[in-house]
Amino acid sequence: MMTQAIDVRGIAKNFRLHTQGDVEIGVFQELSLSVDFGSCVALHGPSGCGKSTLLRALYANYRVDRGTIGVRHDGGWVDMARAAPREILAVRQRSLGYVSQFLRVIPRVATLDIVAEPLRQRGVADDAAREQAAILLRRVNIPERLWELAPSTFSGGEQQRVNIARGFIADFPILLLDEPTAALDAENGAIVAEMILEAKAQDRAIVGIFHDAAIRAKVCDHLFELAPFKAAA
Amino acid sequence: MTSDRPLLNVQNVSHYYGDRAGCLDVSVDLWPGEIIGIVGESGSGKTTLLNCLSARLQPTAGRIFYDQRHRGLVDLYALSEAERRFLIRTDWGMVHQNPRDGLRLGVTAGANIGERLMAVGERHYGQIRDKALDWLGRVEIDTARIDDLPQTFSGGMQQRLQIARNLVTGPRLVFMDEPTGGLDVSVQARLLDLLRGLVTRLHLSVVLVTHDLAVVRLLAHRLMVMQRGRVVESGLTDQVLDDPQHRYTQLLVSSVLQA
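Bear in mind that the values here come from a model prediction, so they are computed numbers and not experimental data. (Residues numbered from 1 in each chain as written. Chains lettered and ligands numbered in written order. Predicted model: local features only at pLDDT ≥ 70, side-chain atom pairs only at ≥ 80, totals over all residues. Heavy atoms only, no water.)

Caption draft 1: Structural context of helix α4 (residues 126-139) of chain A. All names here are of chain A. With 14 residues, α4 extends 20 Å from end C-alpha to end C-alpha; this agrees with the ideal 20 Å at 1.5 Å per step. In this fold, the buried residues of α4 make contact with α3 (111-121), α5 (156-168) and α6 (186-201). Asn141, located one to two residues past α4, shows a positive phi value of around 65 degrees. (Helix = DSSP H or I, 4+ residues; strand = E, 2+ residues; numbered from the N terminus. Expected span 1.5 Å × (residues − 1). Contact = heavy atoms within 4.5 Å.)

Here is the structure:
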């Protein structure tokens, strides 16, 4: 039986740019979205339609002006639009992962530790977390000689794979992916697709933005079109 | 972050210098294991607020409660001077921007750490020295330097020594005022990484004052943005920095130079 992982109702997002003549930019309005565990939903629409904004709103990285964002956490629901910061952090620690398009590099920290960090934050011992990180890094084809280096000098594709390893290490029940394969070649893209399919088979929920049509077709169950929710200009 | 009550509970705190408000009507809860950043320009009231929170400047109005070990909630400014000093010595740490304000430059590195231990009742010389050695190692200072004076240390080393001196007694709450302020960028990154590891491992609560948004992004869970004494915006760090709502926060975020 399918159970609901995400339940978004009637959200609206506008940006008010105070430093640029108080311009108001509407992104979407009256947007509702439901995602079940064990499924993968692709956000779809032309560039600038608000796909990344929606993904960030689900993670509470962006605020919304109206509506609720229900996320399943510890068997109950948390409204990410209203939850207190420490509640949101608890959701992010245990229930909801987010793989951004670009790795935000922490200076001086070894790749292995960057990947291990989500586990360590949950209280997993250093050694066990690093062991698990090694498994993930091997899976996404990051050569072992790079593991002890900070990823700031890595190629775009390598950084993206480090980011993916970090996103998948903690087995989040719900995972948000912002163009996880944009910088990857076909071979590595296929590996990531496989990881997404495995996550689905483990009854986890995925919401993503996938530009690559072949990967999208392979991993996604539903397309969610954003165009109908375009805010009036 | 599982405790069900805040470590520090700040209610409507204001401090006036004559007619001028240093900080105005600030309320905030700090939870165990939480790092809160206070950002804003010079003169915005960050340091005044920090001084009020750290029991060094009596607010003109408002109250501050602290959940003291073995004692429970205490009203900071209702404590006697002796009680307050005891609390500061046993439960708190204070990392100053300038290591010279937080270290005794005329005594050795080991003594700087050991002194704090003695202040909380440690008397066994061997144990004090062992702990000092352990902490020098933890803050990445060569243990062979234990008998050297901090005057002979670089700025980054002095700052790490100050951190060791503060953390050796196992405080639960540490106040930091621009801890990376006077350091070269390369030294800053190393110190930030060290601080991140220590606060997570020790489950410390931290009040961190800085004007550097990159520092709070790396360290703070939550952020308060101050302007002219008031908190104009607060929330999750990444939310405030990536989707700032207030005019002043938007200005602050958009003014950061991209390296």
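There is more to say after this.
Caption draft 2: Representation of the sheet that holds strand β3 (residues 40-44) of chain A in the model. All names here are of chain A. The strand order across the open sheet formed by five strands is β6-β7-β8-β3-β9, and the pairing between neighbours is parallel. Two strands lie at the open edges of the sheet, namely β6 (96-99) and β9 (222-225), each paired on one side alone. Averaged over neighbouring strand pairs, the angle between their axes works out to 20 degrees when direction is ignored. Packing against the sheet, α6 makes contact with β3, β7 (174-178) and β8 (205-209), and its axis sits at approximately 150 degrees to β8. (Pairing = 2+ DSSP bridges. Axes fitted to C-alpha atoms, helices over the stretch in contact; angles between N-to-C directions.)

Caption draft 3: Region of interest: the pattern of salt bridges. By the definition in use, this model includes 39 salt bridges over all chains. For B:Arg247, the salt bridge is made with A:Asp22, and the minimal N-O distance between the two is 3.2 Å. Highlighted residues: B:Arg247 in helix α10 (residues 247-254) and A:Asp22 in the loop between β1 (4-17) and β2 (23-36), drawn from two different chains. Given a relative accessible area of 41%, A:Asp22 falls into the partly exposed group. Here B:Glu140 ties to A:Arg108 by a salt bridge, and the two come within 3.8 Å at their closest N and O atoms. With B:Glu140 in the loop between α5 (125-138) and α6 (155-167) and A:Arg108 in the loop between β6 and α3, this pair bridges two chains. Look at A:Arg108 and you get partly exposed, because its relative accessible area is 39%. Beyond isolated ion pairs, a larger network of salt bridges with shared partners links A:Asp113, A:Arg120, A:Asp126, A:Arg130 and A:Glu148. (Salt bridge = Lys/Arg side-chain N within 4 Å of Asp/Glu carboxyl O. Buried < 20%, exposed > 50% of the residue type's maximum accessible area, 1.4 Å probe, protein only.)

Caption draft 4: Broad picture of the confidence of the model for chain B. Across chain B, the average pLDDT comes to 92, with 98% of residues at 70 or higher. Here the predicted complex scores 0.92 on pTM and 0.92 on ipTM. (pLDDT = per-residue confidence, 0-100.)

Caption draft 5: Structural view of the nonpolar core. By size, the foremost hydrophobic cluster in this structure holds 45 residues, and its most contacted members are B:Ile113, B:Trp135, B:Val139, B:Leu161 and B:Ile163. With residues near it in sequence (within four places) discarded, B:Val139 still touches B:Arg160, B:Ile163, B:Ala164, B:Leu194 and B:Leu198. If you look at the next biggest cluster of nonpolar residues, it comprises 42 residues, including A:Ala42, A:Leu146, A:Ala170 and A:Leu175. (Core = buried A, V, L, I, M, F, W, Y, C linked by side-chain atoms within 4.5 Å.)

Caption draft 6: Molecular detail of the side chain of A:Gln159. All names here are of chain A. With respect to the secondary-structure elements, Gln159 resides in helix α5. Gln159 gets classed as buried once you look at its relative accessible area, which sits at 16%. Within the structure, Gln159 has its side chain in polar contact with the backbone oxygen of Phe154 (distance 3.4 Å). (Polar contact = N/O pair within 3.5 Å; in protein donor to acceptor, adjacent residues only side chain to side chain.)

Caption draft 7: Layout of the side chain of B:Ser14. All names here are of chain B. By the element assignment, Ser14 lies in strand β1 (residues 8-17). One polar contact links the side chain of Ser14 to the main-chain amide nitrogen of Asp25, over a distance of 2.8 Å. For Ser14, the residues in contact, after removing those within four places along its chain, are Cys23, Leu24, Asp25, Pro59, Thr60 and Ala61.

Caption draft 8: Highlighting the packing of aromatic side chains. Residues and elements named next belong to chain B. Applying the stated criterion across every chain yields a total of five aromatic pairs over all chains. A centroid spacing of 5.3 Å and a plane angle of 90 degrees characterise the contact between Tyr66 and Trp92, whose relative ring orientation is edge-to-face. Here the residue Tyr66 occupies a position in strand β4 (residues 61-68), and Trp92 occupies one in strand β6 (residues 92-95), the gap between them amounting to 26 residues. Side by side, Tyr66 and Trp92 carry an identical accessibility label, which is buried. A ring pair is formed by Trp92 and Phe175, whose centres lie 5.0 Å apart and whose planes are at 70 degrees; its orientation type is edge-to-face. Separated by 83 residues along the polypeptide, Trp92 in strand β6 and Phe175 in strand β7 (residues 173-177) bring together distant segments of the chain. With respect to class, Trp92 is no different from Phe175; both count as buried. Every member of this aromatic cluster is reached through a ring pair, and the members are Tyr66, Trp92 and Phe175. (Phe/Tyr/Trp six-rings, centres within 6.5 Å; stacked < 30°, edge-to-face > 60°.)

Caption draft 9: Geometry of the interface of chain A and chain B. If you look at the interface, chain A gives 23 residues, while chain B gives 28 residues. When the buried surface of chain A facing chain B is broken down by residue, A:Arg63, A:Arg86 and A:Arg108 rank first, second and third, together holding 33% of it. Taken together, the links from chain A to chain B amount to eight salt bridges. Among the ionic pairs, B:Glu233 bridges to A:Arg63, the shortest N-O distance being 3.1 Å. It is helix α2 (residues 85-94) of chain A that provides the largest number of residues to the side of chain A that touches chain B, a total of five residues. Here the side of chain A that touches chain B is composed, by residue class, of ten nonpolar, three polar and ten charged. (Buried area = accessible area lost by both parts, 1.4 Å probe. Nonpolar A, V, L, I, M, F, W, Y, C, P; charged D, E, K, R; others polar.)

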